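# Working through the structure, step by step
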Amino acid sequence: MTGSRKNTTREQLDRIEDSLIESILGASEAELREEMIERGEDPDRFLLRIEQIIAGAKTACSKRRMERAKFELQEWRAGQTRTLKLDREAARARFEKIRSHDPDLASRMLLAARKGEGLSERDIEGLIEDLAKLERLDDEAGGE
Amino acid sequence: MFGSGRATDPPRGSYAGQIGRFGQTGLSETVIIGGIDGRTPVMNQTGQIRSEPAASGEFLDSEGISEALDSLSAENRLKLREIERVALRGTDLSPGDLLHEALCAAIMGDRKCPRRVPLMAFIVQTMRSIASHHREKHLRESADGGTSQETQGAQPMFSGAVLDPEQVLIESENTVAAIHDSFDGDEQAQLVILGWSEGYRGKELRDFVGVDQTALDYAIKRIRRTMTKRYPNGWKNK
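Along each chain, residues carry numbers from 1 onward, in the same order as the chain's sequence is written. As they are written, the chains are lettered A onward and the ligands numbered 1 onward, keeping that order. Restriction of local features to residues with pLDDT of at least 70 applies here, the model being predicted, together with a cutoff of 80 or more for giving and counting side-chain atom pairs; totals for whole chains, interfaces and linings are based on all residues.

### Thoughts on the overall build of chain B
Our working definition: Under the scheme used here, helices are H or I runs from DSSP no shorter than 4 residues and strands are E runs no shorter than 2 residues, and both carry numbers assigned from the N terminus. Three exposure classes are used, based on other C-beta atoms lying within 10 Å of a residue's own C-beta, which is placed from the backbone: buried for 20 or more, exposed for 12 or fewer, and partly exposed in between. Each residue is represented by a C-beta atom placed from its backbone, and any two residues with such atoms within 7 Å are regarded as in contact.
A tally of regular secondary structure across chain B gives nine helices and zero strands. Listed N to C, the secondary structure of chain B is α-α-α-α-α-α-α-α-α in terms of helices and strands. Every one of the 238 residues in chain B was classed for burial, and the buried ones make up 37%. Summarising the internal contacts of chain B: among those between residues at least 6 apart in sequence, 64% fall at separations of at least 24.

What follows is the structure, given as structure tokens:
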């Protein structure tokens, strides 16, 4: 009972609002100005106010877009850092796999190390970084 | 950007069928309800930021909306002002706030404007949709004693006393009665209001009131004048 009463009354008000709005949309500028003046209002002041609202909305949106872009930049940078770390870990695993599966490479590296000509930890890190970059470039080229 | 033969200010009367509740409007519910679409990653591998929704042929983008707003005629601007004050009913928003919210939603792409829909119709419907959400939220808060107030959006939209749903209903009924009473002695206007509340339009409404189009137009003009005078910021009920 209450539900149907509620719906009916609310629907009636909604429909009256619909029709009233349609009537405003169908009115001429002269009619609207006349009605505003009749109510003691100044149509030109309202026009100025609307201009301000439009300008205010554009400014607010520019600020929101800037904030959104800043947030997205931070997110992207955070993502890039995570990706680089993952790339390096993958490259290290790959390098170790190559070294362990290539006895010749492993023995040559061991020999060089004994002669004092071996790769330092820093050299190995550099190799891994180069490998990670190469793989990233490969991936990017493959994705295009 | 804004173009493709789409007029910014369509001739008067061309909004018919574009305004109304969801079932009557030319806009789809998705368009009206809007909501932020699933924006996908916004920065590519080269670091280019794409914070705007991609411009498509189907919807106006942010730039198109801004251009269309700039070229709105004085007549349409006055209409927006008048319509906003009708749509404000039952919210605690001040004149100007609702229009501001609607324009922001359109410019940001939170609510998308199809190119085939006149901008005026779109803004009006967006205002009404936003106002409706405000009213629904207020009612929900009232129903559970205000405990479900959402924190989203930072500040509460309503600060009024908690309303009893039955009380809201009675007030709505009183409002309908008060609207009718506003036209005491003007039988034609009362019949038009009654016809409107039943959803009658056009010929159906003319037949219901028993007048020709000229007399109907005149009665509607009287109603508009009286209503905007009596309820300068919309009626208070939901």
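### Points about the packing of helix α2 (residues 62-70) of chain B against helix α4 (residues 97-108) of chain B
Residues and elements named next belong to chain B. Worth spelling out the cut-off: All axes here are fitted lines through C-alpha atoms, helices being fitted over the stretch that makes contact, and every angle between N-to-C directions spans 0 to 180 degrees. Roughly parallel refers to an angle under 35 degrees, roughly antiparallel to one over 145, roughly perpendicular to one between 65 and 115, and oblique to any angle outside these ranges. All residues other than Ala, Val, Leu, Ile, Met, Phe, Trp, Tyr, Cys, Pro, Asp, Glu, Lys and Arg, Gly among them, are scored as polar; the first ten of these are nonpolar and the last four charged.
The N-to-C vectors of α2 and α4 enclose an angle of 140°; their axes lie 7 Å apart at closest approach. Between α2 and α4, the crossing angle belongs to the class labelled oblique. Of the residues in α4, those in contact with Ser 62, Ile 65, Ser 66 and Leu 69 of α2 are Leu 103, Ala 106 and Ile 107. Classifying every residue of the contact of α2 with α4 gives five nonpolar, two polar and no charged.

### Section: the interface of chain B and chain A
Listed as interface residues are 50 residues of chain B and, on the opposing side, 46 residues of chain A. Here the side of chain B that touches chain A gets 10 residues from one element, more than from any other, and that element is helix α3 (residues 74-87) of chain B. Its residues assigned to classes, the side of chain B that touches chain A comprises 25 nonpolar, 13 polar and 12 charged.

### Here we look at the confidence of the model for chain A
Where we set the bar: A score between 0 and 100, pLDDT records how confident the predictor is in each residue.
Residues of chain A with pLDDT of at least 70 account for 90%, and the chain-wide mean is 83. Predicted confidence in chain A is weakest over helix α4 (residues 103-114) of chain A, with a mean pLDDT of 74, and strongest over helix α2 (residues 29-38) of chain A, with 95.

### What to know about the packing of helix α3 (residues 43-101) of chain A against α3(B)
In the contact formed by α3(A) and α3(B), the axes pass within 9 Å of each other and the chain directions differ by 85°. Taken together, the axis directions place α3(A) and α3(B) in an arrangement best described as roughly perpendicular. Counting all contacts with α3(A), which are made through A:Pro43, A:Phe46, A:Leu47 and A:Ile50, the residues of α3(B) involved are B:Ala74, B:Arg77, B:Leu78, B:Leu80 and B:Arg81. By residue class, the composition of the contact of α3(A) with α3(B) is seven nonpolar, no polar and two charged.

### Examining the nonpolar core
In summary, soluble globular proteins display a tendency toward joint burial of nonpolar side chains. Residues and elements named next belong to chain B. As a reminder of what qualifies: Here a nonpolar core is just a set of buried residues of the types Ala, Val, Leu, Ile, Met, Phe, Trp, Tyr and Cys, joined wherever their C-beta atoms sit within 7 Å.
Core analysis: the largest hydrophobic core is formed by 57 residues, its most contacted members being Leu 98, Ala 102, Leu 103, Ala 106, Ile 123, Met 127 and Val 192. Ranked by residues supplied to this core, first place goes to helix α5 (residues 119-143) with nine residues. Setting aside chain neighbours within four positions, we find Leu 98 in contact with Glu 84, Ala 87, Leu 88, Leu 93, Met 127, Ile 130 and Ala 131.

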